[in-house]
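Examination of the molecular architecture
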Amino acid sequence: MKKILALPGDGIGAEVMESALEILDYLMTRDNLDLQVNHKSVGGTSYEEHGLPITDEALSLAKDSDAILFGAVGAPKWDSLEWDKRPEQALLTLRKELDLFANLRPAFLFNELADASSLKKGVIENLDILIVRELTGGLYFGEPRGIDKSVTPAFGFNTMRYDADEINRIAKIAFEASQKRKNKVCSVDKANVLEVSRFWRETVTDLHNKNFSSQELSHMLADNAAMQLVIDPNQFDVILASNLFGDILSDIAATLTGSIGMLPSASLNEKNVGMYEPCHGSAPDIAGKDLANPLAMILSLSMAFRYSLNLDSLADELDKAVRCLISNGARTKDIANESTFLKTSEVAKELIEILK
Ligand code: IPM
Ligand code: MG
């Protein structure tokens, strides 16, 4: 039996999770799936209940799961908490403790929604990019780090550091992912300024020459990559990036599609255990109003089927159902042109009708 852990988190996390679980429930009954679903609070919600963004119990349950569905965490009301109590720490702890080093962030456009993009239709149409972001190293985890107020002027510092093993394992994921796509990898760095980037570029190039020479590999400076993403996003297939650059570029890529509420993501370790979460955040401004778009969470469930639960055909079916829903004209508020739109709680019901 495979185990799933649902961590809805804060804000709209709860609502979008409910939609995804409704669909999971339906499929479990329909197909008699041998899955166990557990639930825990996380983020600010966990802080309110237990004084911690993630409890040891939730963490060990996560370590014992095959797939974790993660909603979203954070809200302004927890911004002033001490560092280790902040909701984001739950996310960073899970990534590090489960060694979820490979973050896959697809950015694709449903052509029917091209008008929602800030880019011209001709530039954005058929967009289909995959950002492969390193998630457990680099600037976000490098030591030493800290704030030193014992001197004048006081200062803050972090360390961007990658060893060859960390670069090789994430680059391998990018090359392998491109084999199922257009065979093109663009590796992003700041090799004109940073030693760590020069080493990154060298290591990726060596791996390419050794094991993936039939793939097309290019290198691009991160600032240029940000610009190219808004000028001509369709030049990219797979983008390979470190933790910091991948964080920034994936927000740009996601928003190109006009609807960050549609994009899923997967964070995997060597054993294909994964955490699956929408690219959007907790959106406290619309939380609890039944307005959120649950499709990113639902498509994250589909990625969980594909990458951790060995249920590829179910993933295909669910992806297809979402495409069908969109082409039928169904729209949540974030992507609607008109004043009538589907509520969060109505989306799963529509999808289940399609799945039937
Ligand atoms: C993301 C988010 C997180 C990150 C934050 C919430 C810690 O921006 O998943 O992209 O920086 O990785
Ligand atoms: Mg981010």
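Look up: the structure comes first, before these words.
Residues numbered from 1 in each chain as written. Chains lettered and ligands numbered in written order. Predicted model: local features only at pLDDT ≥ 70, side-chain atom pairs only at ≥ 80, totals over all residues. Heavy atoms only, no water.

1. Side note on the site of ligand 1
In plain terms, the rule: Think of it this way: one heavy atom of a residue within 4 Å of a molecule or strand is enough to make that residue near it. We call two N or O atoms a polar contact when they sit within 3.5 Å, provided that within protein one can donate a hydrogen and the other can accept it, with sequence-adjacent residues counted only if both atoms are side-chain atoms. With residues, only the protein chains shown are counted as cover, and all accessible areas are computed by Shrake-Rupley using a 1.4 Å probe. Secondary structure follows DSSP: runs of H or I at least 4 residues long count as helices, runs of E at least 2 residues long count as strands, and numbering of each begins at the N terminus. All amino acids are sorted into three groups, where Ala, Val, Leu, Ile, Met, Phe, Trp, Tyr, Cys and Pro are nonpolar, Asp, Glu, Lys and Arg are charged, and the leftover types, Gly among them, are polar. Throughout the structure description, domain borders are defined by an automatic or database domain assignment.
Every residue lining ligand 1 is accounted for by Glu 88, Leu 91, Arg 95, Arg 105, Arg 133, Tyr 140 and Asp 247. Taking Arg 133, its side chain carries an N or O atom lying 2.8 Å from an oxygen atom of ligand 1. Here ligand 1 has 320 Å² of accessible area as a free molecule, and 71% of this is covered by the chains. In terms of residue count, helix 4 (residues 88–97) provides more of the shell around ligand 1 than any other element does, three residues in total. For the shell around ligand 1, a count of residues per class yields two nonpolar, no polar and five charged. Structurally, the shell around ligand 1 is a two-domain feature, drawing no fewer than three residues from each of domain 1 (1–108 + 263–356) and domain 2 (128–256).

2. Quick look at the packing of helix 1 (residues 13–31) against helix 12 (residues 344–355)
Cut-off, in case you're wondering: Think of each axis as a best-fit line through the C-alpha atoms, taken over the contacting stretch in the case of a helix, with angles from 0 to 180 degrees between the N-to-C directions. Note that the term roughly parallel is reserved for angles under 35 degrees, roughly antiparallel for angles over 145, roughly perpendicular for angles of 65 to 115, and oblique for everything else. Helix crossings get a hand from a simple test, with the near helix turned counterclockwise from the far one by less than a right angle marking a left-handed crossing and a clockwise turn marking a right-handed one. Residue contacts are defined here by distance: any two heavy atoms, one from each residue, within 4.5 Å place the two residues in contact.
Put simply, helix 1 and helix 12 touch, their axes get as near as 8 Å, and they point 25° apart. Between helix 1 and helix 12, the crossing angle belongs to the class labelled roughly parallel. Relative to helix 12, helix 1 is oriented so that their crossing is right-handed. Contacts between helix 1 and helix 12 involve Glu 15, Ser 19, Glu 22, Ile 23, Tyr 26, Leu 27 and Arg 30 on the former and, on the latter, Thr 344, Ala 348, Lys 349, Leu 351, Ile 352 and Leu 355. Along the lines of polarity and charge, the residues of the contact of helix 1 with helix 12 split into seven nonpolar, two polar and four charged.

3. Describing the sheet that holds strand 5 (residues 128–134)
The line we're drawing: At least two DSSP bridges between two strands are needed for those strands to be called paired.
Spatial strand order, 2-1-3-12-11-4-5-10-8-9: 10 strands in an open sheet with mixed pairing. Of all strands in the sheet, those bounded by a partner on one side alone are strand 2 (35–39) and strand 9 (216–221). For this sheet, the mean angle separating the axes of adjacent strands, direction not counted, is 20°. Against the sheet, helix 8 (residues 222–231) engages strand 5, strand 8 (184–189), strand 9 and strand 10 (238–241), with an angle of about 105° to strand 9.

By themselves, these figures tell us nothing about what the structure is for.
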